[in-house]
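What follows is each chain in one-letter form.
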Amino acid sequence: NAGVTQTPKFQVLKTGQSMTLQCAQDMNHEYMSWYRQDPGMGLRLIHYSVGAGITDQGEVPNGYNVSRSTTEDFPLRLLSAAPSQTSVYFCASSYSGRGWDIQYFGAGTRLSVL
Amino acid sequence: GIQVEQSPPDLILQEGANSTLRCNFSDSVNNLQWFHQNPWGQLINLFYIPSGTKQNGRLSATTVATERYSLLYISSSQTTDSGVYFCAGPKSNTGKLIFGQGTTLQVKP
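What counts, and at which threshold
- Residues numbered from 1 in each chain as written.
- Chains lettered and ligands numbered in written order.
- Predicted model: local features only at pLDDT ≥ 70, side-chain atom pairs only at ≥ 80, totals over all residues.
- Heavy atoms only, no water.
- Core = buried A, V, L, I, M, F, W, Y, C linked by side-chain atoms within 4.5 Å.
- Buried < 20%, exposed > 50% of the residue type's maximum accessible area, 1.4 Å probe, protein only.
- Helix = DSSP H or I, 4+ residues; strand = E, 2+ residues; numbered from the N terminus.
- Contact = heavy atoms within 4.5 Å.
- Pairing = 2+ DSSP bridges.

J.: Whenever I open this one, the nonpolar core confuses me. Can you help?
T.: With 20 residues, the main nonpolar core has Leu21, Cys23, Trp34, Phe47, Leu72 and Leu105 of chain B as its most contacted residues. Mapped onto this core, the elements with two or more residues apiece are strand S2 (10-14), strand S3 (19-25), strand S7 (59-64), strand S8 (69-74), strand S9 (83-90) and strand S11 (103-108) of chain B. Among the elements that take part in this core, S3 of chain B stands out by supplying three residues, more than any other. Once residues lying within four places of it in the same chain are set aside, the contact partners of Leu105 of chain B are Leu11, Leu13, Ile74, Asp81, Ser82, Gly83 and Tyr85 of chain B. Counting residues in each nonpolar core, the second largest holds 19 residues, with Trp34, Ile46, Leu76 and Leu78 of chain A among its members.

Right under this line is the structure:
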């Protein structure tokens, strides 16, 4: 059971480049989300999805797009990377997205934008 | 909106010592989770504890929902306990977790 898998683990981009961070889970979870972690600021929610075809914005959505075509996958797209997007990105999933569900996190993607 | 505050921000312990980490919430919280982020960055769920007390080996957690706080106890600390400890609560009754800023723990041999 792989849990939540994120790829790549590390990425360096130049300002203005685009890329997609991949996230997949094999637990048949309905709820998936993306967080970014910056020094001294904990984790902040970027986007989330309560099921295939349904996405919504979190606290810091600007500069990021998401889609959810399948239950398993929830990619995060940076259309035009900016240095302010240098961060560590975590994908998480839970069974239903209700407040009582335990959330499981991927290993993270460390992104640097030059 | 809900705010989450953790204390202390940093903690240095000698191996074998005990410690208590605190998490305060600005609004009522139905459910709370404690996470440990190891030095390699992996986030591991330690406890899901909406109220009461739970124990897992040397770690235990207590949440007093009516007073809006939770405590994480680490007994007989080991170097492998080093890392950052986060508490997080859901916004309303959703999966949107609001994280505290974390407590960075260093356990010295």
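J.: How do you make sense of the pairing of strand S3 (residues 19-25) of chain A when you look at a structure like this?
T.: Remark: a regular strand shows side chains that alternate across the two faces of the sheet. Residues and elements named next belong to chain A. Only one face of S3 is covered, namely the face carrying Met19, Leu21, Cys23 and Gln25; the face carrying Thr20, Gln22 and Ala24 is uncovered. Looking at chain direction, S3 and strand S8 (residues 76-78) are connected through three bridges and run antiparallel. If you follow Thr20 over to S8, its bridge partner there is Arg77.

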